[in-house]
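Read off the chains here:
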Amino acid sequence: MLNRSLVIALAALATPFALGADAPNVYAIRGARIVTAAGSAIDSGTVVIRRGVIDAVGASVAVPAEATVVDGAGQIVYPGIIDLGNTRAADQPAPQLPQNVRTTAELERWKRLQIMKPQARAADAVKVDDADLTRLAAAGITTVLALPSGEVIAGQSALVNVAAPSDAPQIGDIAAERRGLVVVKSPVALHVSFPDRPRATPNGYPESLMGVIAFVRQAFLDAGHYAEVRSAGNRAGDKPPLPSEQPDDPALEAMQPAIERKMPVAFEANEGRQILRALKLAKELKLEAIVTGGRHAEEVAADLKAQNVRVVYSLNYPVRARNLAPDADEALPVLRERARAPNVPGQLAAAGVSFAFSSSGLSDPKDFVKNAAKAVKAGLAADAAVRAMTLTAAAIAGVGDRLGSIEKGKIANLVVTDGDLFDEKTKITRVFVEGRPVALDAAPPPQSGRGRGRGGAR
């Protein structure tokens, strides 16, 4: 049986052939307004897609003779939207307590493994050909950050496209290689959270917020010590240290890219004091930090800017409780919390903090753009909102050179609309994922030319 790393490598080699298998593989969207996200919009131009990448873009681009032409009159072309925090993109069942635990020490060891899983890879559990994942394309979302499940040190995320080629090549009898066809980058970040009391460790350590913080800090210190011991062993030449001095720990091994600043650490934090706590820990441990959630990030925007920490802001805004009667009053703090949520992105932008968006469990994919539109209405510039969902998101994920804008040579993830992206009446007419058109629903797409003007973000 082939091992996992070989499967992924073979899948990566197979990707170009999968793109070539689609027929036709050259498209030209002609006469559309193009919001590149990398510069000024092109009022009327052409985007040429060839073998999954953007081959040309501009106002005077020639349409190749072999291209399938899409009439873009009255349409607007945007880069594909990137959701930097999707909780449903990977299939990761909840761990079950083993039945053969014989001692308290074994139980505590199992609990520890549930809250310290840096070696867990969302890429290994990504859903492929999943209807719910493909359904995101109808909302304009072409790429998502698949999050690892669990709490505290949860594991490594992966950036994946929402649709795979329909005619993927087979390598032997291995089906898992299809995951490699949708993975854009893995790993992206190591994810850490600070629950007041982890669900996986009832009646055990850590059983408080301060205990969780101490646990996370010690884990990173242990990873640093692990690296020092391994390095000393390598320098020892023909006199290696004893096994007890050079432990083999998969968890600590998986944390090495983070302590070497080769992989960012995404700290989930919402309250201002939580964010400051994460910033302090990251500074002490010399980690490259990203803050996710960020509900009250505007309170500490100056601190975020000073440490050059990026934010992945959750668009899963607070909503009125469904079990409340229509005429029931709500507490003033609850109302304030709901009212302030759309204002935060504009305040982060004003402070110069780099940010992107995540769905963080939104039940309806269409609410992703809808809630971003609320941020625009609350003061965030439309072009800044587009960049947050595209180019900035790609940069935070470490793929800004390959994704996130409409530029020659980048992956052809595109969204075509019949109006401004943030207009509630706008419809998405076409979506391309890696240069392949994705079926949005069973109904035929609206006829081109029915748009309501050429507004949109500039």
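Scroll up a little and you will see the structure.
Conventions adopted
Residues numbered from 1 in each chain as written. Predicted model: local features only at pLDDT ≥ 70, side-chain atom pairs only at ≥ 80, totals over all residues. Heavy atoms only, no water. Pairing = 2+ DSSP bridges. Helix = DSSP H or I, 4+ residues; strand = E, 2+ residues; numbered from the N terminus. Axes fitted to C-alpha atoms, helices over the stretch in contact; angles between N-to-C directions. Core = buried A, V, L, I, M, F, W, Y, C linked by side-chain atoms within 4.5 Å. Buried < 20%, exposed > 50% of the residue type's maximum accessible area, 1.4 Å probe, protein only. Right-handed = clockwise from strand over helix to strand, strands pointing away.

### Side note on the sheet that holds strand E12 (residues 265-269)
Piece 1. On the basis of which strands lie adjacent, the open sheet formed by 6 strands has the order E8-E11-E12-E13-E14-E15 and mixed pairing. Every interior strand has two partners, whereas the edge strands, strand E8 (153-156) and strand E15 (355-358), have only one. Averaged over all pairs of adjacent strands, the angle between their axes in this sheet comes to 25°, without regard to strand direction.
Piece 2. Here E8 runs beside strand E11 (residues 190-193); their pairing, made up of 3 bridges, is antiparallel. Of the residues in E11, the one forming a bridge with glutamine 156 is leucine 190.

### What to know about the nonpolar core
Piece 1. In terms of nonpolar packing, the biggest core is built from 88 residues, with Phe220, Phe267, Leu304 and Phe357 touching the most fellow members.
Piece 2. Top contributing element to this core by residue count: helix H5 (residues 209-235), with 8 residues.

### A look at the pairing of strand E14 (residues 310-314)
On any regular strand, side chains alternate: one points to one face of the sheet, the next to the other face.
Piece 1. Where burial is concerned, most of E14 is hidden: 5 out of the 5 residues are buried.
Piece 2. Residues Arg310, Val312 and Ser314 line one face of E14 and the alternating positions Val311 and Tyr313 line the opposite face, and both faces are buried.
Piece 3. Pairing between strand E13 (residues 289-293) and E14: 4 bridges, direction parallel. When the bridges of E14 are listed, threonine 292 appears paired with valine 312.
Piece 4. With helix H9 (residues 301-306) bridging E13 and the parallel E14, this β-α-β connection has right-handed handedness.
Piece 5. Pairing of E14 with E15 involves 4 bridges; the strand directions are parallel. Within E15, the residue paired with valine 312 across the bridge is alanine 356.

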